[in-house]
Amino acid sequence: MSDDLAATPRLPQGREHAVATVDEIPPGTHKLVPIGRHGVGVYNVDGTFYAIANYCPHEGGPLCAGRTRGLTAVDESVPGDAVSVRGGEYIYCPWHQWGFELATGTTAVKPEWSIRTYPVRVVGNDVLVTA
């Protein structure tokens, strides 16, 4: 967990929490909130919010310290045969670049090692996470 998050009191697990306002997490950004042992990253992807555990199952890396980007797909019609699709919908661990889909927590690297995601809803201007 980051030093800033470690200094913040943890929120109790198993409840719904107001973690931010919509304006605090603009599209293309995220906020790490102190829920559970490692925290939860709350992401805004083009106005849709996702929440995912800040823990990479590969070697325990701080998943939410990684970058969000798309998925690389094969497209034989372009030079190099690769394109990025679904921009911003995947988080990549900063330690070894394992990618996880924000919506489902699944990874193509080792699907049985998917990461936990949490329900998010927006009520008025509040972003609520159940974790």
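Please read all numbers here as calculations on a predicted model, not as lab measurements.

Colleague: I'd like a rundown of the confidence of the model for the chain, residues and numbers included.
Modeller: The pLDDT averaged across the chain works out to 89; a share of 92% of its residues lies at or above 70. Confidence scores differ between elements of the chain, with helix α1 (residues 3-6) showing the lowest mean pLDDT of 56 and strand β4 (residues 48-53) the highest of 98.

Colleague: Please set out the environment of Val-40 residue by residue, giving values where relevant.
Modeller: Tracing the chain through its elements places Val-40 in strand β3 (residues 40-45). Those residues within four positions of Val-40 in sequence are excluded, and the remaining contacts are Lys-31, Leu-32, Val-33, Ile-35, Ala-51, Ile-52, Asn-54, Tyr-118 and Ala-131.

Colleague: Provide a residue-level description of the pattern of salt bridges, including the pertinent values.
Modeller: Note that side chains of opposite charge can pair when their charged atoms are close. Counted under the stated rule, the structure contains one salt bridge. Residue Glu-16 pairs with Arg-121 through a salt bridge whose shortest N-O separation is 2.7 Å. Taken together, the residues Glu-16 in strand β1 (residues 16-21) and Arg-121 in strand β9 (residues 120-123) connect sequence positions 105 residues apart. On the accessibility criterion, Glu-16 (38% relative accessible area) is partly exposed. Look at Arg-121 and you get partly exposed, because its relative accessible area is 45%.

Colleague: Lay out unusual backbone geometry with the relevant residues and their values.
Modeller: The residue Asp-46 is not glycine, and still its phi comes out positive at about 55°. By relative accessible area, Asp-46 is classed as exposed at 68%. Of note, Gln-97 is a non-glycine position whose phi angle comes to about 65°, a positive value. Here Gln-97 lies in the loop between β6 (82-92) and β7 (99-101).

Colleague: Could you give me a rundown of the sheet that holds β4, with the residues and numbers involved?
Modeller: Within the open sheet, the four strands sit side by side as β2-β3-β4-β8. Their pairing is antiparallel. Both outer strands of the open sheet, β2 (30-33) and β8 (117-118), are each paired with one neighbouring strand and no more. The sheet contact formed by β2 and β3 spans four bridges and is antiparallel. Across the sheet, Lys-31 pairs through a bridge with Val-42, a residue of β3.

Colleague: Can you explain the pairing of β3? Please cite residues and give values.
Modeller: In terms of burial, β3 is a largely internal element, six of the six residues being buried. Burial of the side chains of β3 extends over both faces: Val-40, Val-42 and Asn-44 are buried on one face and Gly-41, Tyr-43 and Val-45 on the other. For β3 and β4, the ladder comprises six bridges, and the chain directions are antiparallel. Paired with Asn-44 across the bridge in β4 is Phe-49. Between β3 and β4, which pair antiparallel in sequence order, lie two residues; one of them, Asp-46, sits at a positive phi of approximately 55°.

Colleague: Tell me about the environment of Glu-16, and please be specific about residues and values.
Modeller: Along the primary structure Glu-16 and Ala-131 are separated by 115 residues, whereas in three dimensions their C-alpha atoms are 6.5 Å apart. With sequence-adjacent residues up to four places away left out, Glu-16 is seen in contact with Arg-121, Leu-128, Val-129 and Thr-130. A polar side-chain atom of Glu-16 sits 2.7 Å from a polar atom in the side chain of Arg-121.

Colleague: Describe the nonpolar core, listing the residues and the values that go with them.
Modeller: Core analysis: the largest hydrophobic core is formed by 26 residues, its most contacted members being Val-19, Val-42, Ile-52 and Phe-100. Elements with a contribution of two residues or more to this core: β1, β3, β4 and β10 (126-130). Setting aside residues up to four positions removed in sequence, Val-42 forms contacts with Val-19, Ile-25, Thr-29, His-30, Lys-31, Val-33, Phe-49, Tyr-50, Ala-51, Val-127 and Val-129.

The rules we used
- In this numbering scheme, every chain counts its residues from 1 along its sequence in written order.
- The model is predicted, so local features are restricted to residues of pLDDT at least 70 and side-chain atom pairs to those at 80 or more, both for listing and for counting; the totals for chains, interfaces and linings are taken over all residues.
- The basis for every side-chain value is the complete set of non-hydrogen atoms in the structure, without hydrogens or water.
- pLDDT is a per-residue confidence score from the predictor, ranging from 0 to 100.
- Going along the chain from the N terminus, every DSSP run of H or I of four or more residues is numbered as a helix, and every run of E of two or more is numbered as a strand.
- By the convention used here, residues are in contact when the closest approach between their heavy atoms is within 4.5 Å.
- When a carboxyl oxygen of Asp or Glu lies within 4 Å of a side-chain nitrogen of Lys or Arg, that pair is called a salt bridge.
- Burial here depends on accessible area, computed with a 1.4 Å probe over protein chains only, as a share of the maximum for the residue type. Under 20% is buried, over 50% is exposed, and the range in between is partly exposed.
- For two strands to be treated as a pair, DSSP must find at least two bridges joining them.
- Residues adjacent in sequence count toward polar contacts only when both atoms are side-chain atoms; beyond that, a polar contact is any pair of N or O atoms within 3.5 Å, and within protein one must be able to donate a hydrogen and the other to accept it.
- Among buried residues, those of type Ala, Val, Leu, Ile, Met, Phe, Trp, Tyr and Cys that are joined through side-chain atoms within 4.5 Å constitute a nonpolar core.

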